[in-house]
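Chains, contacts and geometry: an overview
Listed here are the chains, written in short residue letters.
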Amino acid sequence: LQGNSKLQITGGKVYDPANGVNGEVREVCVCDGRIVAEVEGGRTIDAQGMVVFPGGVDVHTHVAGAALNFARAMIPEDHRRNVPFVRTPVRRGGIGGATPTTYVTGYLYAGLGYTTVNEAAVPILSAKHTHEELRDTPIVDKACCVLMANNEILLDLIEAGELERARHVAAWNIWAAKAYGVKAVNPGGVAAWKWGKDAKGLYEPVPGYGKVTPAKIISALARIVDELGLPHPLHLHCNHLGAPGNFTTTLETMKLLEGNRAHLAHLQYHAYGGDDWATMRSESARIAEEFNAHPNLTTDAGAVLFGNTVTITADGPWQHLLYELTGRKWGNLDVENETGCGIVPYVYKEKNLVNAVQWAVGLELLLLIKDPWRIFLTTDHPNGAAFWRYPEIIQLLMDAAFRREQLKKLAPRALKRIVLPELDREYTLSEIAVITSAGPARALGLAQKGHLGVGADADVAVYNDSKDVAQTFAHPRYVLKGGEVVIEEGEIRKTVEGKGLLVRPSYEEKIEEFIRPLFQQYYTMSFDNYPVEMERIEHPDVRPCKQPTP
Amino acid sequence: MSKTILRLREPPHVPLEAECLSPDVIAPLGHDEVRALPVVLGKRQYRLEDFFEVEGAGGEELEVHGDAGRVKWMGRGMTRGGIRVTGNAGMHLGASMKGGAIEVSGNVSDWIGAEMTGGLIRIHGSAGGQIGAAYRGSLSGMNGGTILIDGSAGIEIGMRMKRGIIAVRGAVRDFAGLQMKGGTIVLMGGAEFRTGAWMIRGTIVSLTPLQLMPTFSYACTYNPTFLNLYAKQLQRLGFSIPHKAQEGAYQRFTGDTSVPGKGEILVWQPQTAGPDPWGADGGPLAERGDALGGEPDPPPLFPAIG
């Protein structure tokens, strides 16, 4: 796992924004899987004419678990469209596309220069399944966030005002799922979906409860995560995703989160104005302005690219709406007392007004949010586009002229609904290194990731220093994972295994006495079979929590 | 004009995947190159000559002789030229083809002409299921072209088809025109159950009475003008369908209302001696038994499904 080889990369321009290195030609030395100050002997990679980045970190993606597997099964037509990965001596077989198979997910991420991913939505009930798939996702290190904002045991505790106990339950849940963070999806809305309803207003009671509102759930979870000292803040998919006029909900949510840390997932889907689909418009300027003023928040773009994909989310009510809008296939999963899930294959079309607005909003947020350390490159894979299309977004961010070319493909009336044509900002290589690696690593609280300082994990991506940005970032010359050369000249050379990143927040052991009877009463699974055993995690790396601040 | 003739040495025991057997692939090749074309048996790749005697090379026309019932994917995606099979042909024949013609003297298997967009497939024997259909998961099946079958056919023919014509002389099995979105299916020898289930648009013409699902409703009895054009076109291809008012008329049923869909099933009602079955004496709704073929004990129009 941790390479014991020595290696140095010489002559490349190094972009290591976490350490203030901006395109200086300097050596990067590797020994025993970590970056070191200097190294004697070993292989030398001549990186003249190339740029050296810390390995990419994806803060929000969906690459493993029951929902993803359901999506894979639902779209055989996508598998047929895509070229299969044929087995070779160093590589297993599989298929790419919107929902690549587990092994191919690892190869494709590494093939972009990404070395760490965060699977953003794991029900505790299917955490075992998720970890089994993550185990089969090679090369990259894996973290995952466990879904809690519609967990009925937790909602009952919030209803009763027992936040202290809720904290212990949440901590127990995290450890039971062997998770790294806490995810909240449409707080209260997925619970409401079980009644055929949704929770759009932050301050209206969730169906089935008297006092629980989405706002209470969000505040309680954000506080719990901070009190537990988790390295990654509450990972929040806000209420009212995808709907025209939802920006007001997002603004309210930002205000609500004052005083706590939070990561707002796929902000693109939460920045729309207008009253209905016909009048939908971008409100990214308002969202960015408010976001800029909230240093306690980070976010990721959730950008959309035109083309075929499949949408997967725990947000069941939204997916039912999307199914009704598209008439396409629809999958719905109900995860007992915890969450739900919906799956709808989707095509984003340039000439579709709504899709054009979505495409623009993702880029606008990336350009309007001033601090690249707080917004990260994602497509909410596979919802906005598959992750292997990130280089296309990088090109759009770095090249305003190219952006203007692409704008010509939109319907003219779409241009009145967006602000993208007015934005001239162009990302620098250093800023790209921030939004793809240094920033998300920091937001995840992974001190050993996202930089090339001494002691960091030797996860390194080396690209050609070329004007053709999309080509450059799609085809790294070299990728190192834990000091091992995994990609060389576009070929997979070695498939190392990745680590499983998790946390063990502290909780009172006797909280199990509270959960067990509830569990035995309401779940179909036996309580003792519920927690994920440590043996299931491949190369576990238990990251420290800060001292709890009760 | 040169052509390539292939003679199957002996039928393979397991399916042989031979998508190289297409005029697009073979036309520019010399004899040795044709012999070396890759085919896949199980998980192993072989040369074409391991299974076929190869005569000639190149040309827009390809002849295949022998029982190629286990040879899959012939004519896949072809755009031009012709394939003439003397014998049987295997699954996926002419799948995704865009142009050209395929003729088979014997029987063929499932999925022929699946997702094709143009060209002609003519089968003198019988065919399996999913003719001109959409592959699993796809939104639409054949989107143009013509498939003519002299014998019978299996289940789900024309499943999710969008354009084009499928005509079958013999009987077809369940679910003809399943989830059909457009195009035309001509059934000359009847069909089993659930014809047109979930159809959204498109036309199914039947020259014999059909057991219709309860989600189809009777609209009228008439002689659609467009069928004159179809009849002429099919006549040229050797399939004659009645269309003249003096010979009879079509009962039009619309559905599938469970989707809800705007498809139509046209059931031929030949002119019979005696009282006009769709005349002034109450029309076909009142005479459904008669309308369905005038047999002494006609099948019920809305049978118990299954």
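The structure under discussion appears in the preceding block.
Since the structure is predicted, the reported quantities are computational estimates derived from the model, not experimental observations.

**A short note on the overall build of chain B**
- Looking only at helices and strands, chain B features five helices and 17 strands.
- With the model as given, the accessible surface of chain B reaches about 12700 Å², and the carbon-plus-sulfur share is 51%.

**What about helix H13 (residues 390–398) of chain A?**
- Within H13(A), eight of the nine residues are buried, which leaves the element mostly enclosed by the surrounding structure.
- Within H13(A) the residues assigned to the buried category are Tyr390(A), Pro391(A), Ile393(A), Ile394(A), Gln395(A), Leu396(A), Leu397(A) and Met398(A).

**Here we look at the side chain of Asn150(A)**
Residues and elements named next belong to chain A.
- Locating Asn 150 in the fold gives a position in the loop between strand E12 (141–147) and helix H5 (152–159).
- At 2.9 Å, the side chain of Asn 150 forms a polar contact with the backbone oxygen of Val 185.
- Only 3.0 Å separates the side chain of Asn 150 from the backbone nitrogen of Ala 191, close enough to count as a polar contact.
- Beyond its immediate chain neighbours, meaning those up to four positions away, Asn 150 contacts Leu 155, Val 185, Asn 186, Pro 187, Gly 188, Gly 189, Val 190, Ala 191, Asn 337 and Glu 338.

**Description of helix H3 (residues 226–236) of chain B**
Residues and elements named next belong to chain B.
- Among the residues making up H3, those that are buried are Leu 227, Ala 231 and Leu 234. Considered in projection along H3, the buried side chains sweep an arc of 70 degrees and stay on one side of the axis. Set apart from the buried face of H3 by more than 90 degrees, the exposed residues are Leu 229, Lys 232 and Arg 236.
- Summarising the contacts, the buried residues of H3 are in contact with strand E11 (143–149), strand E12 (163–168), strand E13 (184–187), strand E14 (203–206), strand E16 (248–255) and strand E17 (263–270).

**Comments concerning the environment of Lys142(A)**
Residue and element names in this part refer to chain A.
- Of note, Lys 142 is situated in strand E12.
- By relative accessible area, Lys 142 is classed as buried at 4%.
- The sequence separation of Lys 142 and Glu 538 amounts to 396 residues, and the corresponding C-alpha distance is 9.6 Å.
- When residues no more than four places from it in sequence are discounted, the contact partners of Lys 142 are Val 117, Leu 134, Thr 137, Gly 498, Lys 499, Gly 500, Leu 501 and Glu 538.
- For Lys 142, the side chain forms a polar contact with the main-chain oxygen of Thr 137, separated by 2.9 Å.
- At 3.4 Å, the side chain of Lys 142 forms a polar contact with the side chain of Glu 538.

**Quick notes on a nonpolar patch on the surface**
- Taken together, the side chains of Trp198(B), Ile200(B) and Val259(B) define a hydrophobic patch exposed on the protein surface, amounting to about 260 Å² of accessible area.
- Relative to the assigned elements, Val259(B) resides in the loop between E16 and E17.

Criteria and cut-off values
Residues numbered from 1 in each chain as written. Chains lettered and ligands numbered in written order. Predicted model: local features only at pLDDT ≥ 70, side-chain atom pairs only at ≥ 80, totals over all residues. Heavy atoms only, no water. Helix = DSSP H or I, 4+ residues; strand = E, 2+ residues; numbered from the N terminus. Areas by Shrake-Rupley, 256 points an atom, 1.4 Å probe, with all protein chains shown as cover. Buried < 20%, exposed > 50% of the residue type's maximum accessible area, 1.4 Å probe, protein only. Polar contact = N/O pair within 3.5 Å; in protein donor to acceptor, adjacent residues only side chain to side chain. Contact = heavy atoms within 4.5 Å. Arc of directions from axis to C-beta. Patch = residues over 30% accessible without salt bridge, like charges linked within 9 Å, V, L, I, M, F, W, Y side chains within 5 Å. Salt bridge = Lys/Arg side-chain N within 4 Å of Asp/Glu carboxyl O.

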